[in-house]
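So the chains spell out like this:
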Amino acid sequence: MDYATLLQILDSTIRLATPLLFACLAGLYSERAGIFDIGLEGKMLMAAMSSASVAFLTGSVWAGLMAGILASMLMAGIHGIASITFRGNQLISGVALNFVASGITVLVAQRLFGQGGRTPPLEGEARFHPITLPFAEELQSVPILGPLYHEVISGHSLLVYVAVLTVPLTWWILFRTRFGLRLRAVGENPAAVDTAGISVKGLRFAAVAITGILCGLAGAYMATALQAGFGREMTAGRGYIALAALIFAKWRPVAALWACLLFGFFQALALRPDVVEAVVQVKIPVPFLDALPYVLTVLVLAGFVGKAIPPRAGGEPYVKER
Amino acid sequence: MERLPRWADLALVPLISLLLAATIAALVILAIGQDPWEAITVMVQGSVMNAYGWGYTLYYATSFMFTGLAVTVAFHAGLFNIGGEGQAQLGGLGVALCCLFLPWPHWSLALIGATFAGAAFGAAWAAIPAYLQAKRGSHIVITTIMFNYIASAFLIFMLVDVLRPDGQMDPATANFPEAVHLPTLNELPGLSLIFTSGVPANVTLFIALAMAVVVWALLWRTRLGYAIRAFGKSEPAARYAGISPFGIIMLAMLISGGLAGMMAINNVMGEAERLLGNSASGAGFIGIAVALMGRNHPVGVVLAALLFGFLFQGGAELGLWTKIPIEMRTVVQGLVILFTGALDMMVRMLLTWIFNLFRAGRLAKGAA
């Protein structure tokens, strides 16, 4: 494998890791606050459909982005009402919302555009376009680092850089602010937070809302930057891979970045079986590469690659009057 | 605050949840500019108003009975087996291998063999997440989701690279031999008077019904069933009573996976008569809705499976005859899971409030 191919693969790694990273950080806020969310997939799908539809109809990608975030937050709100207000089973609520999203996105897209449940291709201002970072052209002639900067670091859409910046931001919010401390506390010991006179429900709804925003960004990125439009089931299990990355990262923001890059790398490899075959000299069937993130997650869960300990109050509704 | 009477809890709560789901579904249909009344008419016409429709409704219901019972058994042990889909796909592999490579003299023997093969493969696929949950505390929900994806990748590999006959383009096995063809309802004596044209529903329907009885007997009439239910209610209490958590988790999940895997005798052996990609086509997930709707009781599961069979067949008819896409049934499925599984507390609070209003009214009258 030559250097240019490596750069190509790293480039698509970053592209493919971005939706995973948004969704993974989304899940991180929710689960750190004690609300399991296996509905990341559904929220991304709703956001993808809404953002692509609105971007196409208005011609503005920003309007699309807003619509995507709102749609995802609506789903997050339902999950919050079911699991916080009515103390329902968070896993079941997530499963249910994934099904609703999977069906309703096709229904709405079909109603709006009549093209078999997809949106028409987005062009021009209705999409996020690659931006070239400063000096990318000038530095291209620098050996090794020049092409790396030009091909891999530069030339992505705005949302990619937003996703990367969300990582330190999340770290700072969680570990350096009062809100972050309370958010983590409510996921470990909600009774203590309640005793301190802070609303458990309020904090958890705030966390779920942040989850909604970030899943909205993930879905909007998929439909308006990674691809040019929405297609049915276009998230293709990314919400679950993000969940896997979250466990792999043991619910820590910076580790989440590495986990998502790793899983993005696997996805990039699955797109280039020819390269994999050239490197390992053995023909590896594509399904094995597809399954790799899931196998890895099971190994992590089994405690073979460090132990993953979830937030202690995760999945348990908080009953105040006890 | 008084508690709900038992009949209300058992019958009224699911009924109202279902009504709420149906109302939202009707609103969705209105929102996409279609007529909900037309939709329900088409669904009823195409699924339960004639024998042909019933042939499909019962076919789908058979699959959902297996997966619904699978989820039920795990639920009673306090385990949420979301991996029915992967277990059913592996069951399909077991059934296919059994039908393709063993020389069966008669379909009845092949059916027995395939039932065990499907159950064994499904149980084996559930065994790893079960072991990881029991021994290493890995959350079974996440591991079974992961195993669904691994199963689907594994099946693609098996169909594309291993089992596909030379010269065939689509990723599927060869057709099963004629000897293992299961009689469909229109080929059975007696029933052929009702089902006059070819339908996919087949003899496995009776196996599904028998399994419902077996699961009932297992859960409420055996020592193991008692241990499973006790463990599901309270792990510390069960442990104190000398019940081994490891054994219960393993057994409950093996039975659950086995039931999910058994589904393959209906769709793979009874209908497709070869193994296709994505053979379970979502039935594993519908099992969750069926179990929730059926309140985790075999009788409820059979009834809920019929309801979902109707929804599935009716939804297909919607896709054929109206402008409502077939995905409507996924929405309905999600809504039913949402209202019966996650928002049941809301329905129960609502009902308790109404019941208390009535009680207060009666008390006030009595005092006057």
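Up top is the structure these notes are about.
If you're wondering where the values come from, they're calculated on a predicted model, not measured in any experiment.

Helices and strands together make up the secondary structure of chain A, namely 13 helices and zero strands. Starting at the N terminus, the α and β elements of chain A follow one another as α-α-α-α-α-α-α-α-α-α-α-α-α. Relative to the 2.2 N^0.38 estimate, which gives 20 Å for 322 residues, the radius of gyration of chain A is 20 Å and therefore close to what a compact globule would have. Expressed along its principal axes, the backbone C-alpha trace of chain A runs to roughly 65 × 50 × 40 Å. Put simply, of all contacts in chain A between residues at least 6 apart along the chain, 76% involve residues at least 24 apart.

Interfaces are often sized by the accessible area lost when the parts come together. At the junction of the two partners, chain B supplies 38 residues and chain A supplies 40 residues. Broken down by secondary-structure element, the contributors of at least two residues to the side of chain B that touches chain A are α5 (107–136), α6 (140–163), α14 (328–342) and α15 (344–367) of chain B. For the side of chain B that touches chain A, the residue count by class is 26 nonpolar, eight polar and four charged.

Attention now goes to unusual backbone geometry. Residues and elements named next belong to chain B. You will see that asparagine 278, though not glycine, has its phi angle at about 50 degrees, which is positive. With respect to the element layout, asparagine 278 can be found in the loop between α11 (264–272) and α12 (283–293). Looking at asparagine 278, the number of C-beta atoms within 10 Å reads 14, which means it is partly exposed.

Quick look at the nonpolar core now. Counting 221 residues, the largest nonpolar core has Cys24, Ala48, Ala218, Ala245 and Ala256 of chain A as its most contacted members. Excluding residues within four positions of it along the chain, alanine 245 of chain A makes contact with Leu20, Cys24, Ala256, Ala259, Cys260 and Phe263 of chain A.

Attention now moves to the packing of helix α4 (residues 90–113) of chain A against α14 of chain B. With their axes 7 Å apart at the nearest point, α4 of chain A and α14 of chain B run at an angle of 155 degrees to one another. On the basis of the axis angle, α4 of chain A is roughly antiparallel to α14 of chain B. Relative to α14 of chain B, the crossing made by α4 of chain A is left-handed. Where α4 of chain A abuts α14 of chain B, its residues Ile92, Ser93, Val95, Ala96, Leu97, Phe99, Val100, Ser102, Gly103, Ile104 and Leu107 of chain A lie against Met328, Thr330, Val331, Gln333, Gly334, Leu335, Ile337, Leu338, Gly341 and Ala342 of chain B. Each residue belonging to the contact of α4 of chain A with α14 of chain B can be placed in one class, and the counts come to 14 nonpolar, seven polar and no charged.

The next point concerns the packing of helix α8 (residues 223–233) of chain B against helix α10 (residues 245–262) of chain B. For any two helices packed against each other, the geometry comes down to the angle between their axes and how far apart the axes lie. Residue and element names in this part refer to chain B. For the pair α8 and α10, interaxial distance at closest approach is 10 Å and the crossing angle is 105 degrees. Between α8 and α10, the angle is such that the two are roughly perpendicular. Where α8 approaches α10, its residues Leu224, Ala227, Ile228 and Phe231 are matched on the opposing element by Pro245, Ile248, Leu251 and Ala252.

Residue and element names in this part refer to chain A. For helix α11 (residues 253–271), built from 19 residues, the straight-helix expectation of 27 Å at 1.5 Å per residue is met to within 8% by its first-to-last C-alpha distance of 27 Å. Those residues of α11 that sit buried are Pro253, Ala256, Leu257, Ala259, Cys260, Phe263, Gly264, Gln267, Ala268, Leu269 and Ala270. Against the buried residues of α11 lie α1 (3–32), α6 (158–176), α10 (238–248), α12 (273–280) and α13 (286–301).

Quick notes on the rules
Residues numbered from 1 in each chain as written. Chains lettered and ligands numbered in written order. Predicted model: local features only at pLDDT ≥ 70, side-chain atom pairs only at ≥ 80, totals over all residues. Helix = DSSP H or I, 4+ residues; strand = E, 2+ residues; numbered from the N terminus. Rg over C-alpha atoms; globule rule 2.2 N^0.38 Å. Contact = placed C-beta atoms within 7 Å. Nonpolar A, V, L, I, M, F, W, Y, C, P; charged D, E, K, R; others polar. Buried ≥ 20, exposed ≤ 12 C-beta atoms within 10 Å, placed from the backbone. Core = buried A, V, L, I, M, F, W, Y, C linked by C-beta atoms within 7 Å. Axes fitted to C-alpha atoms, helices over the stretch in contact; angles between N-to-C directions. Parallel < 35°, antiparallel > 145°, perpendicular 65-115°, else oblique. Left-handed = near helix turned anticlockwise from the far one by under 90°. Expected span 1.5 Å × (residues − 1).

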